[in-house]
2 protein chains.
Amino acid sequence: MNLSLRQMRAFAALAEARNFTRAAEQCSLTQSAFSSLISNLEAGLGLKLFSRNTRNVELTNEGEVFLNIVNTLLPETERALEEMRSQAELRRGKVAIAALPTIYSSILPSLISRFHAEHPGVELIIKDTANTGCIEHVRHRRVDFALCAATSEGSDFIAETLASDSFHFVCHASHPLAKRRSLTASEVQEAFPIIVYDGASSIRQHLDAVIYPQQWRRSYEVNSLSTAAALVIEGLGATIIPTLGLRQFRDPHLRAIPIDLPINERNICLLRLKHRTPSLAATAFIALVREHFETELDRLRPSNSFRAKLS
Amino acid sequence: MNLSLRQMRAFAALAEARNFTRAAEQCSLTQSAFSSLISNLEAGLGLKLFSRNTRNVELTNEGEVFLNIVNTLLPETERALEEMRSQAELRRGKVAIAALPTIYSSILPSLISRFHAEHPGVELIIKDTANTGCIEHVRHRRVDFALCAATSEGSDFIAETLASDSFHFVCHASHPLAKRRSLTASEVQEAFPIIVYDGASSIRQHLDAVIYPQQWRRSYEVNSLSTAAALVIEGLGATIIPTLGLRQFRDPHLRAIPIDLPINERNICLLRLKHRTPSLAATAFIALVREHFETELDRLRPSNSFRAKLS
DNA sequence: CTATTTTACGATCTGCGTAAAGATG
DNA sequence: CATCTTTACGCAGATCGTAAAATAG
């Protein structure tokens, strides 16, 4: 006897419906195929499970015994398969991630290619959005997790700090401050015109907080790093960028000067919902992220000269 | 995915043996068939369970997960099938029977012991109750079948007549009629005091019907044969008993005289619900009952002298 | 007569075995 | 290169669907 899941499903459906036609529909089978499926099950077990005629279908005593068994065995088996399906989702699954533009443009590309090489069947969806958007994506479960700046929002989140980067004053080589080795907050504030970012941005939020209650004398408010970069290159102003964003400003005419801010570190964290077990695919990606920040942490250290990297 | 018992068995064997050839042998399959069986299982689950080459077979991480599942699921499934096998082989089961006291006390004991000897694992539940009770037990499916007097109740029942017995006047040896060889209905009606049975009793129902619209001049109305027997032995009255009930009145001081009633035969039948396939255990018991009445039918024939048997 | 199950039968799919090919230490 | 697994392929049995037959209220 080779009892199969399909047989148990069919039996359970018939025991429930007590009607071949409806039970067959439920199993996506023709009534005739369903009938022989039940017959085969009965033959396999060597006993009648249902006493039936054209008007009435009901369990025999032996059928009752089998129903008791199936009532525990079937859910367990289904659950087992569901468990395996979750496993399988590592190979053909989906990971949705939200990430700050600075993170997306710096560390994610290499992680994506490594993950894809390891799990070629897993679909990766990455939304690059400012900090506020990242948090909302996580909150509404539109992503498995986010890589963004630390947040203090509620206790629904788990925020794991992965690294922290610091801020740099980025200007054209012809800028009056271009040759300085370091700058103070007040010096930077005087460096008008300065290019700032949209209020949803973690950079803007951080910088606003740092000089509170003062405000930035801004001439431009942009949404993307690349726009800011274009403006700076054109000599229309300077901007302030955390370490991870510097890559966007690699240009021979630009200079990046470390700033000494009251709160100079921006924490990069892995943000996810507390009561949501990440899928295995997501877990795998998270592992890759953690590994990245462990092995390449030094790259983020402000002690490294980024001036050199920009030229 | 239609997980089957065979797939689980094969997986367990391979996880144990870690060798396709030996695991295949254990499953009574060629190595090639076994290989594709495992492949199909992996394809069905959507993941590799074993990482293998020609020298080495071992479980993947996903395989380990599946092994944990199978280690509980497989034994449970096997046990379930074993349970059903026991049912099929009548090594387990339950038969519930309702029977008239006259039947219970006459033919059932030997049938019970024969059935028990043949099927020691089958539980027997026998309710001795008057005719009305028997019918209700069948109607409400509290018993698999009943051995009782024929009924004309509705078409939900199947009533198979097994035998018929006839009625006897039973009295103390000192009774005025004790020496008669036979009696008529009117003679019996005059034989006051007469002990009758509760209205639910088939004997009472039969006798009431026989003399309708007259009524029995009763002095005692009892529920059990043994009570009636005690009364008769004490000389407090006579009673009327069908053949099957005579056994209760075996006493040297009692006499049983055949009565010539207008309807002298009480049909003993096997009563069950029409649309209910009896369990295997019940079927086996029914077979025993039929066999009994086929081989020992003569015992019930009123032609036999029961006077002799009583002394 | 109507609703329902069973049977008949051909097409398709699955699973097994034989035998050959492929892989690996 | 010896051993073990996978692949190729034909056959047998299982399963499915369509359609007709049987059954029961």
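Thresholds, definitions, all that
- Residues numbered from 1 in each chain as written.
- Chains lettered and ligands numbered in written order.
- Predicted model: local features only at pLDDT ≥ 70, side-chain atom pairs only at ≥ 80, totals over all residues.
- Heavy atoms only, no water.
- Phe/Tyr/Trp six-rings, centres within 6.5 Å; stacked < 30°, edge-to-face > 60°.
- Helix = DSSP H or I, 4+ residues; strand = E, 2+ residues; numbered from the N terminus.
- Buried < 20%, exposed > 50% of the residue type's maximum accessible area, 1.4 Å probe, protein only.
- Near = heavy atom within 4 Å.
- Polar contact = N/O pair within 3.5 Å; in protein donor to acceptor, adjacent residues only side chain to side chain.

Caption draft 1: Fine view of the packing of aromatic side chains. As enumerated under the stated definition, the model contains ten aromatic pairs over all chains in all. Arranged with centres 6.0 Å apart and planes meeting at 90 degrees, the rings of Phe20(A) and Phe34(A) form a pair that is edge-to-face. With Phe20(A) in helix 2 (residues 20-26) and Phe34(A) in helix 3 (residues 31-45), this residue pair connects regions lying 14 residues apart in the sequence. A residue is classified by how much of its surface remains accessible, and Phe20(A), at 11% relative accessible area, is buried. Judged by its relative accessible area of 0%, Phe34(A) falls in the buried class. Between Phe11(B) and Phe50(B) the ring centres are 5.3 Å apart and the planes differ by 50 degrees, which places this aromatic pair in the tilted class. In this pair, Phe11(B) is assigned in helix 1 (residues 5-17) and Phe50(B) in strand 1 (residues 50-52), connecting sequence segments 39 residues apart. In terms of burial, Phe11(B) and Phe50(B) fall into one category: buried. Through a chain of ring-to-ring contacts, three or more aromatic side chains come together here, namely Phe11(A), Phe50(A) and Phe66(A).

Caption draft 2: The arrangement of the protein's contact with DNA strand C in detail. Surveying the vicinity of DNA strand C reveals 20 residues, the closest of which are Phe20(A), Thr21(A), Gln31(A), Arg52(A) and Ser32(B). A share of 63% of the atoms of DNA strand C within 4 Å of the protein falls on sugar and phosphate groups. With respect to DNA strand C, the side chain of Thr21(A) contributes an N or O atom lying 2.6 Å from a phosphate oxygen. In this structure, Thr54(B) approaches DNA strand C through a side-chain N or O atom, which is 2.9 Å from a sugar or linking oxygen. Within the residue set of the surface near DNA strand C, elements represented by two or more residues are helix 2 and helix 3 of chain A together with helix 3 (31-45) of chain B.

Caption draft 3: Here's a closer look at unusual backbone geometry. Positive phi outside glycine occurs at Ser28(A), with the angle close to 60 degrees. Tracing the sequence through the fold places Ser28(A) in the loop between helix 2 and helix 3.

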